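Secondary and tertiary structure notes
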Amino acid sequence: MGVFVHIAAHDVGRLSRLTAGCAGATVAVFGALHMFHPGPAPALIPAGVALLLQVAPATDGRAGRLRAGAAALLALVAAGVGAANLGSHPASGVATALSGLALACLDLRVPRRGGGIAFRVADPLLLGAAIIALVALVPRLFDATFPPGQAPASVMPAYLAGALLCLAVGTILARPETGPLHTLEESGPRAAVRRLAPALIAAPVVAALVSAFAAQTPESRPVAAVSTGVILAALALLALLAYLVRTLDTADQRQRHLVAELEERQDFAQTLLQSMNEAVMVLDANYRVIDVNRRWRELTGHDDLPAESPPLPPPGTGGDWILPRADGTDVPVLATMAAIPDAAGATRGYVATYIDIAERKQAEEALTEHAAELERGNADLAAALAFKNDLTSMLTHDVAQPISSIASLAELLCADWADLPDDIRLELATKIDKNTRRLIKMMNDLQLLFRLDTGTVTARRVPVPLLEVVEAACGTAIGTGDVEIAIDEELAALADRGHLTVVVENLLKNALGHGAPPIHIRAERGGDGTVRLAVQDSGAGIPEDLLPNLFGRFIRGAGLGLFIVRHLVEANGGSVRYEHAEPRGARLLVTLEAAPSSA
């Protein structure tokens, strides 16, 4: 349906421009035929040509601008000719000047206040010219009703008045998109008034025409003819006024209905906005806050609209966001920001939606903490499992060997006691004693390991002479003939004496068991209030692949010595580290706090 209306309007527009072009040609011909008559008749030629140029097919670029300029120039020439004849022919001069100016200002519009359709400057000029031409033509219609020699004098020649009326009609039809055809497509009270205005103007003209035709008949007298025309005009005016009142009443009722419907929709939208469980904030295109709902006030603690909008996510996005509250705190929300487009697609405002996710965040944090606790528990379980596996491996390897040796030697000694000489008996008993001491040492290390693992080992630090502790450890160790000691007698460390003894014994045992003689034990005072005890062997050193776990709990074949050393040294506020010895060998360096010199 809309397509047919568009096609019909297009066809009507073409017909309107064609009629305007015919009017322009007719006016130009009238001007050419009467160009030598007195008055502004020659102005009809440029006026008709200007109208023809105005209705010519529109073109872009320089050609279109030249055509429009030529039409305006010819129209101004016609207006100038009319103005030049104001003194001798005032009515025709004014009408011609108004028609020329209307043609020159045909596309000139003045915008109205508050928007709406722009005012066309040519309309009042054409109306003035048409009224003058009608006033000039109407008296001639009554020439036959007057006695000979008493007919009313005309203010303008008939041919000129007719040509000006034709020019006015053609000028109106030259722009159908802004003239009467455009008015007919509109609706409302203003459109009704604009539709009736031509009829109101034409009513007296129609009345005059009816009176003139009635006067031409022999049976009617002039008074009766004029009375008939006036009565018909009055009836037409009453009918038009009734139609206008009815149209205005209908428009008023429609407007009231639209206002009521708009208020109902506005109330529904406001109720819907306030009843939403999500916090909603409405902003204009410049990010000024227009409205908020009840949930937004509850979430932020604001009773009134904020002076400025809070931090917002970019339009068309969303995600976790922080919304500031009135008391200075923040609330985590799930925020979304959407643009509100107008009919043309441009952004006319924004809607921000906030969902309180504080409880969800707390649940996520609690779940994260619980997961961390589970991971720590799993790590502890894994460590305990590794400790069990390492302990089982050590018991099956390191503990089983001395027990098996003691059992076999004791069985041999018991079975062949009578046949064995005394020196063999002493040798076997010595081996049993050595393995027994080794087993006791291992059990003591395990007991100390359990205490270290549970954190129950405490250090009672006192000044301990290093030379005394080292000599005592060398006296109990086996195979210490190649140990060289270089320690000052007055050098003392602040440590637990029992812990320091175990540390030295394990370092010496490690050097003797895994290194090569000679073994060098040295100690010296550091410049930072510490003493450094170094145990160095002359072996091949420790392989690189074992260094990362050198002081770990279990290293196969190394026992618990270095693990116990590290924990006991740290319990006494010191540290232990490994160094490559030069030219070869391994050096273990223990650093402890030095005892005061007076001690």
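All values derive from a computational prediction rather than experimental measurement.

Quick word on the overall build of the protein chain
- For the protein chain, the helix and strand inventory stands at 15 helices and 14 strands.
- The 599 residues of the protein chain split such that 34% are buried.
- For the protein chain, the proportion of contacts with a sequence separation of at least 24, taken over those separated by at least 6, is 60%.

Some remarks on unusual backbone geometry
- Of note, the amide linkage connecting Pro517 to Pro518 takes the cis form, showing an omega dihedral of 0°.
- Inspection of the secondary structure assignment puts Pro518 in the loop between α14 (497-514) and β11 (519-525).
- With omega at 5°, the peptide bond leading from Glu582 into Pro583 counts as cis.
- Inspection of the secondary structure puts Pro583 in the loop between β13 (575-580) and β14 (586-593).
- For Tyr287, which is not glycine, the phi torsion reads 65° and is therefore positive.

A look at the sheet that holds β14
- Across the sheet, five strands lie side by side as β9-β11-β12-β14-β13; this open sheet has mixed pairing. Unpaired on one side and paired on the other, β9 (483-486) and β13 mark the two borders of the sheet. Taking the axes of each pair of neighbouring strands and ignoring which way they run, one obtains an average angle of 15° across the sheet.
- Examined bridge by bridge, β11 and strand β12 (residues 530-536) share six bridges and lie antiparallel to one another. Considered in β12, the bridge of Ala523 is made with Leu533.
- Strand contacts of α14: β9, β11, β12 and β14, with the helix running at about 170° to β14, the strand carrying the most contacts.

Structural notes on a negative patch on the surface
- A surface patch of negative charge is lined by Glu471, Asp488, Glu489 and Glu490.
- When you line up the elements, Glu489 lands in the loop between β9 and β10 (492-495).

Considering the sheet that holds strand β7 (residues 347-356)
- The strand order across the open sheet formed by five strands is β4-β3-β7-β6-β5, and the pairing between neighbours is antiparallel. Only two strands of the sheet have a single neighbouring strand rather than two, namely β4 (289-292) and β5 (318-324). In this sheet, neighbouring strand axes are inclined to one another by 30° on average, regardless of whether the strands run parallel or antiparallel.
- Relative to β7, strand β3 (residues 279-284) runs antiparallel, the two being bridged by six bridges. Paired with Val282 across the bridge in β7 is Val351.

Here's the deal with the side chain of Asn293
- Along the polypeptide, Asn293 turns up in the loop between β4 and α10 (294-300).
- One polar contact links the side chain of Asn293 to the main-chain amide nitrogen of Trp296, over a distance of 3.0 Å.
- In contact with Asn293, not counting residues within four places along its chain, are Leu273, Gln274, Met276, Glu278, Ala279 and Val280.

Describing a nonpolar patch on the surface
- Taken together, the side chains of Leu127, Ile131 and Val135 define a hydrophobic patch exposed on the protein surface, amounting to about 240 Å² of accessible area.
- Here Val135 lies in helix α5 (residues 122-137).

With respect to the nonpolar core
- Ranked by internal contacts, the top residues of the largest apolar core, which has 42 residues, are Leu466, Ile487, Leu507, Ile521, Leu533, Val590 and Leu592.
- Discounting chain neighbours no more than four positions away, the residues touching Leu507 are Val535, Leu562, Val565, Leu588 and Val590.
- Val27, Leu106, Ala133 and Ala174 belong to the second-largest nonpolar core, a separate cluster that totals 35 residues.

Here we look at the packing of aromatic side chains
- If you walk through the whole model with that rule in mind, you get one aromatic pair.
- When the ring of Tyr287 is compared with that of Tyr350, the centres are 4.6 Å apart and the planes differ by 15°; the resulting orientation is stacked. Of this pair, Tyr287 sits in the loop between β3 and β4 while Tyr350 is found in strand β7, placing the two residues 63 residues apart along the sequence.
- Its relative accessible area of 9% is what places Tyr350 among the buried residues.
- A cation over an aromatic ring shows up here: Arg425 above the ring of Trp417, its NZ or CZ 4.3 Å from the ring centre.

Thoughts on the packing of helix α13 (residues 466-476) against α14
- Relative to each other, α13 and α14 sit at 50°, their axes nearing to 9 Å. Here α14 runs oblique to α13, going by the angle between their axes. At the point where α13 passes α14, the crossing takes the right-handed sense. Together, Leu466, Glu468, Val469, Val470, Ala473, Cys474 and Thr476 of α13 and Arg497, Leu500, Thr501, Val504, Glu505 and Leu508 of α14 make up the contact between the two elements.
- Of the residues contributing to the contact of α13 with α14, the split by class is eight nonpolar, two polar and three charged.

Let's talk about the side chain of Asn572
- Assignment of secondary structure puts Asn572 in the loop between α15 (561-571) and β13.
- You can call Asn572 buried: its relative accessible area is 3%.
- Side-chain polar atoms of Asn572 contact the side chain of His499, separated by 3.3 Å.
- In this view, Asn572 contacts Ala459, Arg461, Leu494, Ala495, Asp496, His499 and Leu592; residues no more than four positions away in its chain are not counted.

What counts, and at which threshold
- Residues numbered from 1 in each chain as written.
- Predicted model: local features only at pLDDT ≥ 70, side-chain atom pairs only at ≥ 80, totals over all residues.
- Heavy atoms only, no water.
- Helix = DSSP H or I, 4+ residues; strand = E, 2+ residues; numbered from the N terminus.
- Buried < 20%, exposed > 50% of the residue type's maximum accessible area, 1.4 Å probe, protein only.
- Contact = heavy atoms within 4.5 Å.
- Pairing = 2+ DSSP bridges.
- Axes fitted to C-alpha atoms, helices over the stretch in contact; angles between N-to-C directions.
- Patch = residues over 30% accessible without salt bridge, like charges linked within 9 Å, V, L, I, M, F, W, Y side chains within 5 Å.
- Areas by Shrake-Rupley, 256 points an atom, 1.4 Å probe, with all protein chains shown as cover.
- Salt bridge = Lys/Arg side-chain N within 4 Å of Asp/Glu carboxyl O.
- Lys, Arg positive; Asp, Glu negative; His and termini not counted.
- Charge placed at Lys NZ, Arg CZ, Asp CG, Glu CD.
- Polar contact = N/O pair within 3.5 Å; in protein donor to acceptor, adjacent residues only side chain to side chain.
- Core = buried A, V, L, I, M, F, W, Y, C linked by side-chain atoms within 4.5 Å.
- Phe/Tyr/Trp six-rings, centres within 6.5 Å; stacked < 30°, edge-to-face > 60°.
- Lys NZ or Arg CZ within 6 Å of the ring centre and 35° of its normal.
- Parallel < 35°, antiparallel > 145°, perpendicular 65-115°, else oblique.
- Left-handed = near helix turned anticlockwise from the far one by under 90°.
- Nonpolar A, V, L, I, M, F, W, Y, C, P; charged D, E, K, R; others polar.

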